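Residues per chain are reported as follows:
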Amino acid sequence: MSGSDAVIIREMREDEKSAVKQMVSSNLELVEGWMFYFSKETLVAEQNDQLVGVITFKAFPLAGGRTGGLLAWAATSKSVRGSGVGRRLYKQAAERLAELGADELFGCIEGLNYPSSRLVESEGFNRLTATNMFRRYGLFGTFALWFRLMHIPDIGHFVWAKQVNGEAYPPT
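The rules we used
Residues numbered from 1 in each chain as written. Predicted model: local features only at pLDDT ≥ 70, side-chain atom pairs only at ≥ 80, totals over all residues. Heavy atoms only, no water. Pairing = 2+ DSSP bridges. Helix = DSSP H or I, 4+ residues; strand = E, 2+ residues; numbered from the N terminus. Axes fitted to C-alpha atoms, helices over the stretch in contact; angles between N-to-C directions. Contact = heavy atoms within 4.5 Å. Salt bridge = Lys/Arg side-chain N within 4 Å of Asp/Glu carboxyl O. Patch = residues over 30% accessible without salt bridge, like charges linked within 9 Å, V, L, I, M, F, W, Y side chains within 5 Å. Areas by Shrake-Rupley, 256 points an atom, 1.4 Å probe, with all protein chains shown as cover. Buried < 20%, exposed > 50% of the residue type's maximum accessible area, 1.4 Å probe, protein only. Expected span 1.5 Å × (residues − 1). Bend = angle between axes of the 7 residues up to and from the residue. Right-handed = clockwise from strand over helix to strand, strands pointing away.

**Side note on the sheet that holds strand 1 (residues 7-11)**
Reading across from one edge, 1-2-3-4-5-7-6 is the order of the seven strands in this open sheet, with mixed pairing throughout. Each edge of the open sheet is held by one strand with a lone partner, namely strand 1 and strand 6 (126-128). Sheet twist, expressed as the mean angle between neighbouring strand axes with direction ignored, is 30 degrees. The pairing of strand 2 (residues 41-47) with strand 3 (residues 50-61) spans seven bridges and is antiparallel. Bridged to Leu43 within strand 3 is Ile55. Running at roughly 160 degrees to strand 4 (residues 67-76), helix 3 (residues 85-99) makes contact with strand 1, strand 2, strand 3, strand 4 and strand 5 (104-110) of the sheet.

**Considering the pattern of salt bridges**
Summed over all chains, the structure comprises 11 salt bridges. For the salt bridge of Glu41 with Arg96, the shortest nitrogen-to-oxygen distance reads 3.3 Å. Linking Glu41 in strand 2 with Arg96 in helix 3, this pair joins segments that are 55 residues apart in sequence. Between Glu104 and Arg66 there is a salt bridge; the shortest N-O distance is 2.9 Å. Within this pair, whereas Glu104 is found in strand 5, its partner Arg66 is found in the loop between strand 3 and strand 4, the two being separated by 38 residues in sequence. Beyond isolated ion pairs, a larger network of salt bridges with shared partners links Arg10, Arg13, Asp15, Glu16 and Glu46.

**Focus on the side chain of Thr142**
Note that Thr142 resides in helix 5 (residues 130-149). Those residues within four positions of Thr142 in sequence are excluded, and the remaining contacts are Met133, Phe134 and Tyr137.

**Quick look at a nonpolar patch on the surface**
Together, Phe134, Leu139, Phe140 and Phe143 make up an exposed nonpolar region whose accessible area comes to about 430 Å². Here Phe140 is to be found in helix 5. Residue classification places Phe140 among the exposed residues on the basis of a relative accessible area of 70%.

**Considerations on helix 5**
Here helix 5 is 20 residues long, yet its end C-alpha atoms lie only 14 Å apart, well below the 28 Å a rise of 1.5 Å per residue gives. The largest bend in helix 5 is about 110 degrees, located at Tyr137. Regarding helix 5, the residues found buried are Met133, Tyr137, Thr142, Leu145, Trp146 and Leu149. Of the surrounding secondary structure, the elements contacted by the buried residues of helix 5 are strand 3, strand 4, strand 5, strand 6 and strand 7 (157-163). Taken from the residues just after helix 5, Met150 is the one with a positive phi, measuring 60 degrees.

**A word on the pairing of strand 5**
Among the seven residues of strand 5, six are classified as buried, and the element is accordingly described as predominantly covered. For strand 4 and strand 5, the ladder comprises three bridges, and the chain directions are parallel. Following the sheet pairing, Gly68 is matched in strand 5 by Glu104. Read as a crossover between parallel neighbours, the route from strand 4 over helix 3 to strand 5 is right-handed. Sheet topology note: the strand 5/strand 7 ladder contains seven bridges and is antiparallel. Across the sheet, residue Gly107 finds its bridge partner in strand 7, namely Trp160.

**A few points about unusual backbone geometry**
At Asn48, a residue that is not glycine, the phi angle is positive and equals roughly 50 degrees. Along the polypeptide, Asn48 turns up in the loop between strand 2 and strand 3. Take Asn48: its relative accessible area is 43%, and that puts it in the partly exposed class. Of note, Asp49 is a non-glycine position whose phi angle comes to about 65 degrees, a positive value.

Right, dumping it as structure tokens:
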């Protein structure tokens, strides 16, 4: 990639919301585009003055005084897929969540989205089963987690998780 093609990852500016929404709508499936939402924490990828990627994320409380971090929505333009832009967005969002005190990181990925599943798996995330979650968080804690992750309406999606400190996941 030449210097003029360099991709910059930065915070989204408030005046970029409509451009981000347009980029997301043209690069996600129809229903996912409708469901996309902004969070307080949003990073964008910019190349040659064009937005080519976005990730939204947020920190939230977990039981036991821990903090979770949700990597909520990520999308990249078709023009940069496979070039590492999505990985850079995920990594920088994960770093920011760690700075916000997150102990555990989560993401919900549609079951047939193999590129995103491979990406988070290569970054140390593990797919959690309902049994994993019930053992780790208990019945009510699991339902609270699903609510925070918006996993309840996510039929066909998998929850992926990672410990920020690098320990094996899921811990028991």
